[in-house]
Amino acid sequence: MDYNGKTPVKLSSVVNAQRYVPSTSNTSLIVGVRVRPLLKSEQTKSNRKDIIRVIDGKVVVVLDPDESKDYLDQVQHRTKERRYTFDVAFDFQSTNREVYDMTLRDLVSAVLYGINTTVFAYGATGSGKTYTMVGSPNDPGLMILSLQQVFQDRDRLFRDEEFSVTCTYLEVYNETIYDLLVKNSGPLELREDPEQGVQVAGLKHVPVSTPDDILGLLEDGNRRRKTEATDANSASSRSHAVLEILVKRKPLNHYRVQQLRAKLSLVDLAGSERAAETNNAGQKLRDGASINRSLLALANCINALGKMAAGAKAGANYVPYRNSKLTRLLKDGLSGNSRTAMITTVAAANDQYHHSINTLKYADRAKEIKTHVVQNVGTVESHIADYQRMIDALQLEVSELRGQLMEHQAVPSPSSNSPTNGTSRGFEDDLLTRIDNLVQDMNENIEERINLQKAVFEIEDANLFNRYELKQLEEFLSAGQGTVKEVAEGRDRRADIQIAVRDNERELAKYKAEILANENSRTDIQSRIDRLVSSNSNVAFLNFMRTFRLQAIRLQEMKFQMAVRDQIIFEQRAVISNLWKIINRSGMGQVRA
Ligand SMILES: Nc1ncnc2c1ncn2[C@@H]1O[C@H](COP(=O)(O)OP(=O)(O)OP(=O)(O)O)[C@@H](O)[C@H]1O
């Protein structure tokens, strides 16, 4: 929707706030790359060296492993040196905590506001996925840090609210699911539940009240994971591990009728190596093939989701979730109201050049999805689409009801056969017409109010995006890191957005006043109907009541539908309100004022 010619400004990457690119690189699929250092065992090998560099916290350069290449080779593009840019890149000195803070912290906060999040670690065998996701007691990984933050946020922000956290932890090994939270788990089946989505039948759900509750269970689970020694990693995970943290919260404010629930899925994928390259045979080779099938299925889903979000034509919208257990499991997290981060791990050693390049290419492709994430981050927008569909359906129903009502009135009433009540009949008709007109007014009033509320909601939504971008622009401009051109564009953009915000605020006030007028008019119509009914006690009354009752039933139905629609608007406002809380906590409250 366009207000005063101002298209709502879209949200850019929340996490990497300083990265402002004046073009269209908005995202919710955050792609981070982490480079692991040479291990001690690698350092001792004479021909091993580190060939990956991270520049400016976002550029990853993979040097040509062939040292004989000289400057001339480079300028003539005869070198295999490759360079990629991501949302964020971590060199080998970074800790799990730093990776967490830069990629996941904001997303985990949002989980407590009802926003699903999926994070997966992707990379070749031995590149550091498990190190990043699971970590060690001294350097806990993203799984543990996420859980810790969930509870810290609860204690800080929602101490008095009803709050529950449950965890599941499973692995997908050779297209079979096993529960990592129980000893000797048998294979588990996936079921599609029409209400709850994809479920794993028999999976253990563990209620957690403190992060410590789950630490021991996670450790046990990790020990149960299928690992093998491969050439590339002495304890290589042969399965995909999925930790799901389900958070439910009942806010204590006036939205307390609602329960916010969201799922945080943390996925430690198995190594993406090509089976042939790891010298594996037999079972290991089969594992490799199956691992790659799942990863391929995941890549296909991500590509399809990207195209879909970019508005590809119908037919291109099919997302092949069913091609693997992994993608079926991740379906909820990857589609719709979910934010996604991909942490890509690469090993810096020269003999890993091909793996690293393959991984970075994959990550680079995933990065493309960013442009679509505008829609994905704007989850509120997708709700609006649902909301619009529902309103359209209900409006159709309202007009059908009107048609039925008119048909009904065309049927002669029993009293019309009586020759003695001609006067009464005329009066009755007049009365019925007046009642019909009022009911019609009431319907129109209801429709008008719905449209007004929808407009209010959409303007607020537009300004929500605007303020997100303003915040990012402010950070970008105050960081003083952009080129002169970028800074100038950033300033222009900031001015445009500020004008849009002000215009939208004015529109908002206008619509709100109209809603008030509309509500008053509704009260007036209702009292006119009541007056008509109560002032007529003559012979026509019984007949009138028969018709009126019918209309009253229709009216009740419509009021009920109205309540349903109001509820949808109400829920949308709660989403907005929650997003505002996130913004306010990040220091943006002042901008709104
Ligand atoms: N950032 C890092 N700093 C130091 N050591 C690391 C780092 N990342 C990984 N390692 C070490 O590298 C080895 C392989 O790491 P890890 O097991 O996490 O790889 P992986 O990608 O999960 O492999 P696989 O796919 O085979 O399971 C481990 O010994 C781990 O301790």
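Residues numbered from 1 in each chain as written. Predicted model: local features only at pLDDT ≥ 70, side-chain atom pairs only at ≥ 80, totals over all residues. Heavy atoms only, no water.

K.L.:
In this structure, what is going on with the overall build of the chain? I would like to understand it.
P.N.:
Secondary structure summary: the chain contains 16 helices and 16 strands in total. With 593 residues in all, the chain has 50% of them scored as buried. By sequence separation, contacts in the chain at least 24 residues apart represent 75% of the contacts at least 6 residues apart. Here the chain displays about 27800 Å² of accessible surface, and carbon together with sulfur accounts for 51% of that area. (Helix = DSSP H or I, 4+ residues; strand = E, 2+ residues; numbered from the N terminus. Buried < 20%, exposed > 50% of the residue type's maximum accessible area, 1.4 Å probe, protein only. Contact = heavy atoms within 4.5 Å. Areas by Shrake-Rupley, 256 points an atom, 1.4 Å probe, with all protein chains shown as cover.)

K.L.:
Looking at this structure, how should I read the UniProt feature "binding site: ATP" (unreviewed entry) in the chain?
P.N.:
In the UniProt entry, the feature "binding site: ATP" (unreviewed entry) is given for Gly123, Ala124, Thr125, Gly126, Ser127, Gly128, Lys129 and Thr130. Summarising the element assignment, glycine 126 is placed in the loop between strand E6 (116-123) and helix H5 (129-133). A relative accessible area of 14% places glycine 126 in the buried class. On the secondary structure map, glycine 128 appears in the loop between E6 and H5. Under the relative-accessibility criterion, glycine 128 is labelled buried at 16%. (UniProt positions renumbered as here; feature names shortened; annotations may be inferred.)

K.L.:
Can you help me understand the pairing of strand E8 (residues 176-179) in this one?
P.N.:
A regular strand places its side chains on the two faces of the sheet in alternate fashion. Here four bridges tie strand E7 (residues 162-173) to E8, and the two strands are oriented antiparallel to one another. Within E8, the position partnered with valine 172 by the bridge is isoleucine 177. Between E7 and the antiparallel strand that follows it, E8, lie two residues; asparagine 174 among them carries a positive phi value of about 50°. (Pairing = 2+ DSSP bridges.)

K.L.:
Would you explain the sheet that holds strand E4 (residues 82-85) in this entry?
P.N.:
Each strand in a sheet pairs with another by means of backbone hydrogen bonds, the pair being arranged parallel or else antiparallel. Ordered in space as E2-E3-E4, the three strands form an open sheet in which the pairing is antiparallel. Of all the strands in the sheet, the pair left with one neighbour each is strand E2 (52-55) and E4. Shown here is a sheet whose adjacent strand axes are inclined to one another by a mean of 20°, direction ignored. Across four bridges, the pairing between strand E3 (residues 59-62) and E4 is antiparallel. In the strand pairing of E4, valine 59 is matched with threonine 85. (Axes fitted to C-alpha atoms, helices over the stretch in contact; angles between N-to-C directions.)

K.L.:
Where do I start with the pattern of salt bridges in this structure?
P.N.:
Pairing between side chains of opposite charge can happen when their charged atoms approach one another. Counted according to the given criterion, the structure contains twelve salt bridges. Among the ionic pairs, arginine 223 bridges to aspartate 220, the shortest N-O distance being 2.6 Å. On the criterion of helical spacing, the pair formed by arginine 223 and aspartate 220 is a turn pair, its members being three residues apart in helix H7 (residues 211-224). A salt bridge links glutamate 474 to arginine 494; the shortest N-O distance between them is 3.2 Å. Of the two residues, glutamate 474 sits in helix H13 (residues 422-479) while arginine 494 sits in helix H14 (residues 484-534), which places them 20 residues apart along the sequence. You can call glutamate 474 partly exposed: its relative accessible area is 34%. Salt bridges linked by common partners bring Arg97, Asp101 and Arg105 together as one network. (Salt bridge = Lys/Arg side-chain N within 4 Å of Asp/Glu carboxyl O.)

K.L.:
When you look at the packing of helix H6 (residues 142-157) against H7 in this model, what are you seeing that I'm missing?
P.N.:
Packed helix pairs are characterised by how far apart their axes lie and by the angle those axes make with each other. It is the contact of H6 with H7, at a shortest axis distance of 9 Å, that shows an interaxial angle of 160°. As summarised for this structure, H6 and H7 are arranged roughly antiparallel, according to the angle between their axes. Crossing handedness for the pair H6 and H7: right-handed. Side by side, H6 and H7 meet where Met143, Ile144, Leu147, Gln148 and Phe151 of the first sit next to Pro211, Ile214, Leu215 and Leu218 of the second. Residue composition of the contact of H6 with H7, by class: eight nonpolar, one polar and no charged. (Parallel < 35°, antiparallel > 145°, perpendicular 65-115°, else oblique. Left-handed = near helix turned anticlockwise from the far one by under 90°. Nonpolar A, V, L, I, M, F, W, Y, C, P; charged D, E, K, R; others polar.)

K.L.:
How should I be thinking about helix H3 (residues 96-103) in this particular structure?
P.N.:
At 3.6 residues per turn, the α-helix brings residues three or four places apart onto the same side. Buried within H3 are the following residues: Asn96, Val99, Tyr100 and Thr103. Buried positions in H3, seen along its axis, are confined to an arc of 100° and lie on one side of it. (Arc of directions from axis to C-beta.)

K.L.:
Please explain the environment of proline 187 as it appears in this structure.
P.N.:
Looking at the element boundaries, proline 187 is found in the loop between E8 and strand E9 (190-193). Taking C-alpha positions, proline 187 is 9.9 Å from glutamate 175, a pair spaced twelve residues apart along the chain. Setting aside chain neighbours within four positions, we find proline 187 in contact with Thr176, Ile177 and Tyr178.

K.L.:
Whenever I open this one, the environment of threonine 125 confuses me. Can you help?
P.N.:
Looking at the element boundaries, threonine 125 is found in the loop between E6 and H5. Taking the C-alpha atoms as reference points, threonine 125 and leucine 269, separated by 144 residues in sequence, lie 9.8 Å from one another.

K.L.:
Quick question: what am I supposed to make of the nonpolar core here?
P.N.:
Within soluble globular proteins, side chains that are nonpolar tend to cluster in buried spots. Grouped together as the largest cluster of nonpolar side chains are 42 residues, with contacts concentrated most on Val165, Tyr169, Ile245 and Leu266. Per element, the largest residue contribution to this core is seven residues, and it comes from H6. (Core = buried A, V, L, I, M, F, W, Y, C linked by side-chain atoms within 4.5 Å.)

K.L.:
Quick question: what am I supposed to make of the confidence of the model for the chain here?
P.N.:
A low pLDDT means the predicted coordinates there should not be read in detail. Across the chain, the average pLDDT comes to 70, with 58% of residues at or above 70. Contacts for the low-pLDDT stretch residues 370-387, under 50 throughout, to residues beyond four places or in other chains number 50 contacts. Here residues 588-593 scores under 50 on pLDDT; set against residues more than four positions off or in separate chains, the count is ten contacts. (pLDDT = per-residue confidence, 0-100.)

K.L.:
Please clarify how the environment of isoleucine 525 should be interpreted in this entry.
P.N.:
Along the polypeptide, isoleucine 525 turns up in helix H14. Distance in space between the C-alpha atoms of isoleucine 525 and aspartate 441 is 7.3 Å, their sequence separation being 84 residues. Apart from the residues within four sequence positions on either side, isoleucine 525 is in contact with Leu438, Asp441, Met442 and Asn445.

K.L.:
Just to check I follow, could you spell out unusual backbone geometry for this structure?
P.N.:
Leaving glycine aside, a negative phi is the common case for residues, and trans is the common case for peptide bonds. The residue aspartate 56 is not glycine, and still its phi comes out positive at about 55°. The topology assignment puts aspartate 56 in the loop between E2 and E3. On the basis of relative accessible area, aspartate 56 is assigned to the exposed category, the value being 68%. A positive phi angle is found at asparagine 184, which is not glycine, with a value near 45°. Counting through the fold element by element, asparagine 184 comes out in the loop between E8 and E9.

K.L.:
What is the right way to read the packing of H3 against H6 from this model?
P.N.:
Put simply, H3 and H6 touch, their axes get as near as 10 Å, and they point 60° apart. As summarised for this structure, H3 and H6 are arranged oblique, according to the angle between their axes. Our pair here, H3 against H6, has a crossing hand that is right-handed. On H6, the residues that touch Asn96, Arg97, Val99 and Tyr100 of H3 are Leu142, Leu145, Ser146, Gln148 and Gln149. Residue classes in the contact of H3 with H6 are distributed as four nonpolar, four polar and one charged.

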